[in-house]
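# Structural features, examined
Residues per chain are reported as follows:
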Amino acid sequence: MPLTQQLTVAIIDSNPALGSGDCIKKDDPPDSRVSTVTPATISLFKDVGAWQYVQQHRHAYFDRMQVWDYTGLGYTRYNAREADKEVLGCVVENKVLHRSLLSCIQNSDFQKTIYPSRLTSMSFSSSSSTIGVGGTSSRTTPYTHGNLAKLELSDGSSLYAKLVVGADGSKSRVRELAGFKTTGWNYSQNAVICTVEHTEENQCAWQRFLPAGPIALLPMGDKFSNIVWTMNPKESSDCKSMSEDDFVKAINHALDYGYGPHPHSRLFGGDIFSWLGADVTSSANECFEVPPKVVKLVSGRMAFPLSLMHANSYASKHVVLIGDAAHTVHPLAGQGVNLGFGDAFSLSRVIAEGIAVGSDIGEVSLLKKYEADRKPANIAMMAVLDGFQKAYSVDFGPLNVLRAAAFHGAHFISPLKKNIISFASGEHKLPLFS
Ligand SMILES: Cc1cc2nc3c(=O)[nH]c(=O)nc-3n(C[C@H](O)[C@H](O)[C@H](O)COP(=O)(O)OP(=O)(O)OC[C@H]3O[C@@H](n4cnc5c(N)ncnc54)[C@H](O)[C@@H]3O)c2cc1C
């Protein structure tokens, strides 16, 4: 933004991709780590000029999504046009997101230095320094007053900053060094991820809830899809060690008739929502579909332990947390990275507002505005995802029927469906930099 363009920024990340400068080739094998980015994130990328780079690589917009239940009692189909949107989201390989943001940073006109290194320690000093980041006055004048955070890196260099943004993931070193407390729990579930191939291109996002957790089949472009399959740790190690052929059979079993029958569009022999009238139930026309068969595994299988974590506070003097450093959620609705981009937007706006009125960007009173903006949104999403996770951890007859009724409600009641799409799209506060 014009107001923040004068800041001097240091980007510290030990991810080897940051230092290598390697380009991604179109015919490179697809990465098994992908993110489903929402329309809100897409518009952020467009506003900062990063989406043009994503478009040069493999990516898959999808405008339809089907979510269903292994009991055969309920399903919901979402279509972007029901919420007056063109797309519900886009699946992008993480390496493409990283490379696109890096290209965007490299081609943007602001003072930045990239340190492909690890943060090892952080302390707060009131002395002057010869290297400074976060200043708005002169790019060469060292700070001579005020408290600064001192960062020490694994390559031996030291930096002094007015503001440290901890965007270093769920095991954040910044969070630990700044002493932020967290609340959370492990789910005793692992997500097994991999890339698979079909005979034809998949254009829909699919998610089926199974007794041990959901399995998602996400379109990736070309004939590839990504699998995110949540299960207990014992099942995940079995899945990782079985032969490729057996694993492909297990995926098809999990996505089709395995565990239970296909759901029907009429619950208990009748449409329980018909009394709501044709206007309200207009979205009921979409019938259940069977997802495309998987024919081949085209990547290794990786397993990630799943947990929920929330930092009790996101801001203290000189330090602020964003992304997974502040909150880690279950991947069942593909929201994690989107919450982080929402944080990034909010923080940039708060910093710009502070600069506009001459505030110190490391002042806790300023940074607390960011926390006040993001905490309610992040907690709301965490509560929804945790509720889903818990509701699907129990296989109990009456609860299964209630879940089916909820699926049917979401499928048949158009205003409810529209609201769900809107919430999942995260669009309430964007577009951003206009
Ligand atoms: C199986 C799975 C599927 C998922 N699918 C989706 C999805 O579809 N959509 C979605 O929105 N989210 C998804 N998520 C969540 C998403 O991956 C995370 O929310 C997201 O990666 C968080 O981004 P981040 O930048 O905050 O942290 P990270 O991605 O963890 O990045 C942290 C960065 O900090 C660097 N770093 C760490 N420590 C240091 C240090 N001491 N010094 C220097 N650098 C350091 C690391 O190198 C890394 O580059 C999924 C998660 C999982 C596990």
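Note that the coordinates shown come from a computational prediction; the quantities given were computed from them, not determined experimentally. (Residues numbered from 1 in each chain as written. Predicted model: local features only at pLDDT ≥ 70, side-chain atom pairs only at ≥ 80, totals over all residues.)

## Describing the sheet that holds strand 2 (residues 34-37)
Hydrogen bonds between backbone atoms are what pair the strands of a sheet, whose relative direction is either parallel or antiparallel. Spatially, three strands are ordered 2-6-3 in an open sheet, and the strand pairing comes out antiparallel. Each edge of the open sheet is held by one strand with a lone partner, namely strand 2 and strand 3 (59-62). Here the strands of the sheet are splayed against their neighbours by 20° on average, with no regard to which way each runs. In this structure, strand 3 lies alongside strand 6 (residues 89-93), joined through four bridges in antiparallel fashion. Residue Tyr 61 lies in a different strand from strand 6, and its bridge partner there is Cys 90. (Pairing = 2+ DSSP bridges. Helix = DSSP H or I, 4+ residues; strand = E, 2+ residues; numbered from the N terminus. Axes fitted to C-alpha atoms, helices over the stretch in contact; angles between N-to-C directions.)

## What to know about the confidence of the model for the protein chain
Per-residue pLDDT for the protein chain has a mean of 86; in total, 84% of the residues score no lower than 70. Below pLDDT 50 for its whole length, residues 136-145 participates in 16 contacts with residues either more than four positions away or in separate chains. Per-residue pLDDT stays below 50 along residues 429-434; that stretch engages in 13 contacts with residues further than four places along the chain or on separate chains. (pLDDT = per-residue confidence, 0-100. Contact = placed C-beta atoms within 7 Å.)

## Structural notes on the site of the ligand
Taken together, 26 residues surround the ligand, and among them Gly 169, Gly 323, Gly 334, Gly 336 and Val 337 come closest. For the shell around the ligand, the leading source of residues is helix 8 (residues 336-356), giving four residues. By residue class, the composition of the shell around the ligand is 10 nonpolar, 11 polar and five charged. (Near = placed C-beta within 6 Å. Nonpolar A, V, L, I, M, F, W, Y, C, P; charged D, E, K, R; others polar.)

## Observations regarding the pairing of strand 17 (residues 302-311)
Here is the key point about a regular strand: its side chains alternate between the two faces of the sheet. Pairing of strand 12 (residues 182-197) with strand 17, which is carried by nine bridges, proceeds in the antiparallel orientation. Its bridge partner being in strand 17, Trp 185 is matched across the sheet by Leu 308. In this sheet, strand 20 (residues 327-328) lies alongside strand 17 in antiparallel orientation, the contact comprising two bridges. Counterpart to His 310 in the pairing with strand 20 is His 327.

## Quick notes on unusual backbone geometry
Phi angles above zero are rare outside glycine, and Ser 188 is one such case at about 55°. Owing to 11 C-beta atoms within 10 Å, Ser 188 belongs among the exposed residues under this scheme. Within the chain, His 318 stands out as a residue other than glycine whose phi angle is a positive 75°. By C-beta crowding, His 318 is classed as buried, having 24 other C-beta atoms within 10 Å. (Buried ≥ 20, exposed ≤ 12 C-beta atoms within 10 Å, placed from the backbone.)

## Overview of helix 9 (residues 364-391)
For helix 9, built from 28 residues, the straight-helix expectation of 40 Å at 1.5 Å per residue is met to within 8% by its first-to-last C-alpha distance of 38 Å. If you check which residues of helix 9 are buried, you get Leu 366, Leu 367, Tyr 370, Glu 371, Arg 374, Asn 378, Met 381 and Met 382. Of the surrounding secondary structure, the elements contacted by the buried residues of helix 9 are strand 17, strand 18 (315-316), strand 19 (319-321), strand 20 and helix 8. (Expected span 1.5 Å × (residues − 1).)

## Things to note about the packing of helix 2 (residues 39-48) against helix 8
Closest axis-to-axis distance for the helix 2/helix 8 pair is 9 Å, and the angle between their directions is 45°. Comparing the axis directions of helix 2 and helix 8 gives the class oblique. Pair helix 2 / helix 8 crosses with left-handed handedness. Where helix 2 abuts helix 8, its residues Ala 40, Thr 41 and Leu 44 lie against Asn 338, Phe 341, Gly 342 and Phe 345. Here the residues of the contact of helix 2 with helix 8 sort into four nonpolar, three polar and no charged. (Parallel < 35°, antiparallel > 145°, perpendicular 65-115°, else oblique. Left-handed = near helix turned anticlockwise from the far one by under 90°.)

## Some details on the packing of helix 8 against helix 9
Two elements in contact, helix 8 and helix 9, have axes separated by 9 Å at closest approach and are oriented at 160°. Judged by the angle between their axes, helix 8 and helix 9 are roughly antiparallel. Relative to helix 9, helix 8 is oriented so that their crossing is right-handed. Side by side, helix 8 and helix 9 meet where Leu 339, Gly 342, Asp 343, Ser 346, Leu 347, Val 350 and Gly 354 of the first sit next to Leu 366, Lys 369, Tyr 370, Asp 373, Arg 374, Ala 377, Asn 378 and Met 381 of the second. For the contact of helix 8 with helix 9, the class distribution of residues is seven nonpolar, four polar and four charged.

## A closer look at the sheet that holds strand 11 (residues 164-166)
Strand order in this open sheet of three strands is 11-19-18, and the pairing throughout is mixed. The open sheet has two edge strands with one neighbour each: strand 11 and strand 18. Judged from the three bridges that link them, strand 11 and strand 19 form a sheet pairing that is parallel. Note that in strand 19 the partner of Val 165 across the bridge is Val 320.

## A look at helix 7 (residues 244-255)
Along its 12 residues, helix 7 runs 17 Å from first to last C-alpha, staying within 8% of the 16 Å computed at 1.5 Å per residue. Tucked inside the fold, the buried residues of helix 7 contact strand 12, strand 13 (204-210), strand 14 (213-221), strand 15 (224-231), helix 6 (233-241) and strand 16 (296-297).

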